[in-house]
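Each chain, letter by letter, is given below.
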Amino acid sequence: SSSKLSFLALGVVFTGAVVALFLLFQTLPELSEDDRQHIRLPWKLEQAKHLGRVLSQYTDSYFLHVVVGYSCTFIFLQTFAIPGSLFLSVLAGFLFAFPLGLFLVCFCSASGASGCYLISALIFKRTGLIERYLPERLESWQAQIKKHGDDIFSYLIFLRITPFLPNWFINIASPVIGISLSTFYIGTFIGVAPPMALAVTSGSQLYELTSQDDVFTWRALGLISIFALLALLPILAKKLLSKRIEGKQL
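Computed from a predicted model, the values in this text were never measured in an experiment.

Caption draft 1: The arrangement of the overall build of the chain in detail. Across its full length, the chain holds 13 helices and zero strands. Going from N to C terminus, the chain has its helices and strands arranged as α-α-α-α-α-α-α-α-α-α-α-α-α. Within the chain, the proportion of its 250 residues that are buried is 46%. Expressed as a percentage of contacts within the chain between residues at least 6 apart in sequence, the contacts between residues at least 24 apart total 77%. Counting only carbon and sulfur atoms, one obtains 65% of the accessible surface of the chain, whose full area is about 13,800 Å².

This is the structure:
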């Protein structure tokens, strides 16, 4: 059936990505046994701290290796919606200067999300898999997209800043409802910047963090809310302008 073929194709792509990532890590500098045990995907804060300690020892001498390895791992997680990218974002603030750290996080987030977009466009869209398994959620978002029309770019930025829609759903549904890859990529790059800037900033105090809640404090959430409202300003301004024009015509 089409569903089985879709999952088979996804499995092939995933296996290929895992093999490529494994081969990449074989080119990294030789690590001691103690350091090697901490080279893993950080799903917990303590794991991120250990990984940061190990990578920081190699950043000066093997800067390019660390950047490439970090970026490829981040993109892999984002492409296949695997948890861990938040702690990698925090880690960027610990390993790199803020401008580079923020750029890497935004670039990897947008690139990984675009990888997920392309998987959906090339595999799921052709077989109607998303329409079959997520019909109500897809129909609801499609209505919102039609409602915003030409303001889809600002709306996409707003969605990336806020948690109203899961990122994995935005990634797989966007090609199905007709959002172009260029709009998707740029909107994602800009939209993830405000929340990830806070995560990268907190990375400079990595060893002082005690839980994930320390990354997004109430003050941080307040700042994110302000950025979300700013993203909606073009949409609101356009609607007000349209109403004024219609009023003058009447």
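Caption draft 2: Inspection of the environment of Phe74 at higher detail. Assignment of secondary structure puts Phe74 in helix 4 (residues 63-79). For Phe74, a relative accessible area of 1% puts it in the buried group. Put simply, Phe74 and Cys108 are 34 residues apart on the chain and 6.0 Å apart in space, counted from C-alpha to C-alpha.

Caption draft 3: Just the packing of helix 6 (residues 98-127) against helix 12 (residues 193-203), in detail. Two elements in contact, helix 6 and helix 12, have axes separated by 10 Å at closest approach and are oriented at 130 degrees. With respect to helix 12, the element helix 6 is oriented oblique. As for the relative orientation of helix 6 and helix 12, their crossing is right-handed in sense. Contacts between helix 6 and helix 12 pair Phe98, Gly101, Leu102, Val105 and Cys106 from the former with Ala193, Met196, Ala197, Val200 and Thr201 from the latter. For the contact of helix 6 with helix 12, a count of residues per class yields eight nonpolar, two polar and no charged.

Caption draft 4: Seen up close, the side chain of Ser109. Examined against the element boundaries, Ser109 turns out to sit in helix 6. Within the structure, the side chain of Ser109 is placed 2.7 Å from the backbone oxygen of Val105, a separation counted as a polar contact. Here Ser109 is in contact with Phe74, Gln78, Thr188 and Val192, once residues within four sequence places are set aside.

Caption draft 5: Spatial organisation of the nonpolar core. Judged by nonpolar contacts, the single largest core of 64 residues is most densely connected at Tyr70, Phe96 and Trp141. Looking at this core element by element, the count peaks at 11 residues for helix 6.

Caption draft 6: Structural detail: helix 11 (residues 181-191). Those residues of helix 11 that sit buried are Phe184, Gly187, Thr188 and Gly191. Down the axis of helix 11, the buried set is contained in an arc of 100 degrees. They therefore lie on one face. Those residues of helix 11 hidden inside the fold are in contact with helix 6, helix 9 (152-161), helix 10 (167-173) and helix 12.

Caption draft 7: Representation of the pattern of salt bridges. For the coordinates displayed, the defined rule picks out three salt bridges. A salt bridge links Arg36 to Glu30, with the shortest nitrogen-to-oxygen separation between them at 3.3 Å. Judged by relative accessible area, Arg36 falls into the partly exposed class, the value being 39%. A residue is classified by how much of its surface remains accessible, and Glu30, at 67% relative accessible area, is exposed. Across the salt bridge formed by Asp35 and Arg53, the nearest N and O atoms sit 3.9 Å from each other.

Caption draft 8: Summary view of unusual backbone geometry. The phi angle at Ala81 is positive, at roughly 50 degrees, despite the residue not being glycine. Tracing the chain through its elements places Ala81 in the loop between helix 4 and helix 5 (85-95).

Caption draft 9: Representation of the state of the cysteines. In this structure the tally under the stated criterion is zero disulfides. No disulfide involves Cys72; its sulfur sits 8.0 Å from the nearest other cysteine sulfur, which is in Cys108. Cys72 gets classed as partly exposed once you look at its relative accessible area, which sits at 32%. With relative accessibility at 0%, the residue Cys108 sits in the buried group.

What counts and what doesn't
Per chain, residues are indexed from 1 in the order of the written sequence. It should be noted that, the model being predicted, local features are given only for residues of pLDDT at least 70 and side-chain atom pairs only at 80 or more, the latter also being counted only at that level, while totals for whole chains, interfaces and linings use all residues. For side-chain calculations, the full set of non-hydrogen atoms in the structure is used, while hydrogens and water are omitted. A run of H or I in DSSP counts as a helix once it spans at least four residues, and a run of E counts as a strand once it spans at least two, with each numbered from the N terminus. Relative accessibility thresholds used throughout: buried, under 20% of the residue-type maximum; exposed, over 50%; partly exposed, between the two (1.4 Å probe, protein chains only). Contact between two residues is taken to exist if any of their heavy atoms lie within 4.5 Å; hydrogens are not considered. All accessible-area figures derive from a Shrake-Rupley calculation using a 1.4 Å probe, and residue coverage is judged against the displayed protein chains alone. With axes taken as lines fitted to C-alpha atoms, and helix axes fitted only over the stretch in contact, angles between N-to-C directions fall between 0 and 180 degrees. When an angle is under 35 degrees it counts as roughly parallel; over 145 it counts as roughly antiparallel; between 65 and 115 it counts as roughly perpendicular; any other value is oblique. Left-handed describes a crossing in which the near helix is turned anticlockwise from the far one by less than a right angle; the clockwise case is right-handed. For this classification, the nonpolar set comprises Ala, Val, Leu, Ile, Met, Phe, Trp, Tyr, Cys and Pro, the charged set comprises Asp, Glu, Lys and Arg, and every other residue, Gly included, is treated as polar. We define a polar contact as two N or O atoms separated by no more than 3.5 Å, with the added condition that, inside protein, one atom must be a possible hydrogen donor and the other a possible acceptor, whereas residues neighbouring each other in sequence contribute only through side-chain atom pairs. Here, the term nonpolar core denotes a set of buried Ala, Val, Leu, Ile, Met, Phe, Trp, Tyr and Cys residues that are joined through side-chain atoms within 4.5 Å. An arc is given here, and it is the one of the directions from the helix axis to the C-beta atoms. Salt bridges are defined by distance alone: a side-chain nitrogen of Lys or Arg within 4 Å of a carboxyl oxygen of Asp or Glu. Disulfides are defined as cysteine sulfur pairs within 2.5 Å.

Geometric descriptors of this kind do not, in isolation, establish any biological role.
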